[in-house]
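As a plain string of letters, each chain reads:
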Amino acid sequence: MCRHLAWLGRPRTLASLVLEPPSSLLVQSYAPRRQRYGTVNADGWGVGFYAPGRPEPARWRSARPLWGDPSFASVAPVLSSGCVVAAVRSATVGMPLEESAAAPFTDGRVLLSHNGRVDRAVLPPVRDAESTVDSALLAALVLDRGLDALAATVAEVGAADPAARLNLLAADGARLLATTWGDTLSVLVTDEGTALASEPWDDDPAWRDVPDRHLVEVTPDGLTLTPIGALRA
Ligand code: GLN
């Protein structure tokens with residue numbers, strides 16, 4: 001995925017997260033401001049979110065551009081959640097164009113998005129990948145090993161493919177985890193909750209950039225930032 005975001009906090013509508021801000025994911029799908037690779041994100045999109053009393057997330061994904069989904073625009077103002085992951089996709093050359101290649105991926109409990117690329121040949125064999133796209137294979141590996149091994153998995157894959165870009169974004173309903181490894185990520189902490197996004201969705205001066213090669217963890221208690229190299233020992 002080329003631009004992704006997540007929210008943990010007070011429930012808010014999917015429209016307020018994905019469609020309404022001045023530089024929303026919708027706007028980022030045709031006019032991203034900080035994208036380093038690719039110019040538009042028109043190769044599909046997806047959103048996953050948790051509802052109270054239901055451990056498995058709900059997902060809406062599509063192989064179409066986000067701007068070409070009026071049915072989603074119709075329901076998004078009345079769908080609310082306190083834990084959301086969403087992404088718009090710019091397919092890497094040679095990767096399949098299909099709904100199942102759009103993030104967020106899931107194992108039925110965790111949502112996971114990948115902004116970047118990785119040589120599929122360096123990834124260990126995985127079961128249950130949703131697609132043959134590099135991001136789905138990487139997601140299956142991360143989901144198999146568990147979120148507690150997220151930073152270690154990124155460091156390992158990054159060492160195996162030095163050209164890899166591995167910005168990952170995950171949620172399990174109670175926390176968010178993200179890595180920076182070759183691309184942008186910003187964080188916004190508010191009284192209502194915390195947002196992580198490939199790029200700020202508005203010009204609020206409270207957005208902060210996350211340095212490269214870091215792990216970000218967001219829980220209801222706050223946010224921690226750890227250099228990924230420091231976790232390798
Ligand atoms: N490599 C992934 C894909 O092809 C993600 C691409 C991206 O982050 N732009 O979908």
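Quick note: structure is the one above.
Residues numbered from 1 in each chain as written. Predicted model: local features only at pLDDT ≥ 70, side-chain atom pairs only at ≥ 80, totals over all residues. Heavy atoms only, no water.

1. Observations regarding helix α5 (residues 150-160)
Reasoning step 1: Of the residues making up α5, those classed as buried are Leu150, Ala151, Thr153, Val154, Ala155, Val157 and Gly158.
Reasoning step 2: Looking at the buried side of α5, the elements it contacts are α4 (134-145), β7 (165-171), β8 (176-180) and β12 (214-219). (Buried < 20%, exposed > 50% of the residue type's maximum accessible area, 1.4 Å probe, protein only. Helix = DSSP H or I, 4+ residues; strand = E, 2+ residues; numbered from the N terminus. Contact = heavy atoms within 4.5 Å.)

2. Looking at the sheet that holds strand β13 (residues 222-227)
Reasoning step 1: Spatially, the six strands line up as an open sheet ordered β5-β6-β7-β8-β12-β13, and their pairing is antiparallel. Only two strands of the sheet have a single partner each, and these edge strands are β5 (105-106) and β13.
Reasoning step 2: Here β12 pairs with β13 via six bridges, running antiparallel. Bridged to Thr219 within β13 is Gly222. (Pairing = 2+ DSSP bridges.)

3. A look at the pairing of strand β2 (residues 45-51)
Reasoning step 1: With six of seven residues buried, β2 is to be regarded as a mostly interior element.
Reasoning step 2: Linking β2 back to strand β3 (residues 54-62) in an antiparallel pair, the connection comprises two residues, with Gly53 at a positive phi of about 80°.
Reasoning step 3: As paired elements, β2 and strand β4 (residues 80-88) share five bridges and run antiparallel to each other. Paired with Trp45 across the two strands is Val88, which belongs to β4.

4. A short note on the packing of α4 against α5
Reasoning step 1: Two numbers describe how α4 lies on α5: the axes approach to 9 Å, and their chain directions differ by 140°. Relative to α5, the element α4 is oriented oblique. Remark: the crossing between α4 and α5 carries right-handed chirality. Where α4 abuts α5, its residues Leu138, Leu141, Val142 and Arg145 lie against Leu150, Thr153, Glu156 and Val157.
Reasoning step 2: Per-class residue counts for the contact of α4 with α5 are five nonpolar, one polar and two charged. (Axes fitted to C-alpha atoms, helices over the stretch in contact; angles between N-to-C directions. Parallel < 35°, antiparallel > 145°, perpendicular 65-115°, else oblique. Left-handed = near helix turned anticlockwise from the far one by under 90°. Nonpolar A, V, L, I, M, F, W, Y, C, P; charged D, E, K, R; others polar.)

5. Looking at unusual backbone geometry
Reasoning step 1: Note that the residue after Ala103, namely Pro104, is joined by a cis bond; omega there is 5°.
Reasoning step 2: Backbone geometry at Asp128 places phi at a positive 65°, although glycine is not the residue there.
Reasoning step 3: Structurally, Asp128 can be placed in the loop between β6 (111-117) and α4.
Reasoning step 4: Asp128 sits in the exposed class, given a relative accessible area of 68%.
Reasoning step 5: For Arg213, which is not a glycine, the phi torsion comes out positive at approximately 60°.
Reasoning step 6: Here Arg213 lies in the loop between β11 (208-209) and β12.
Reasoning step 7: Exposure remark for Arg213: the relative accessible area of 40% places this residue in the partly exposed category.

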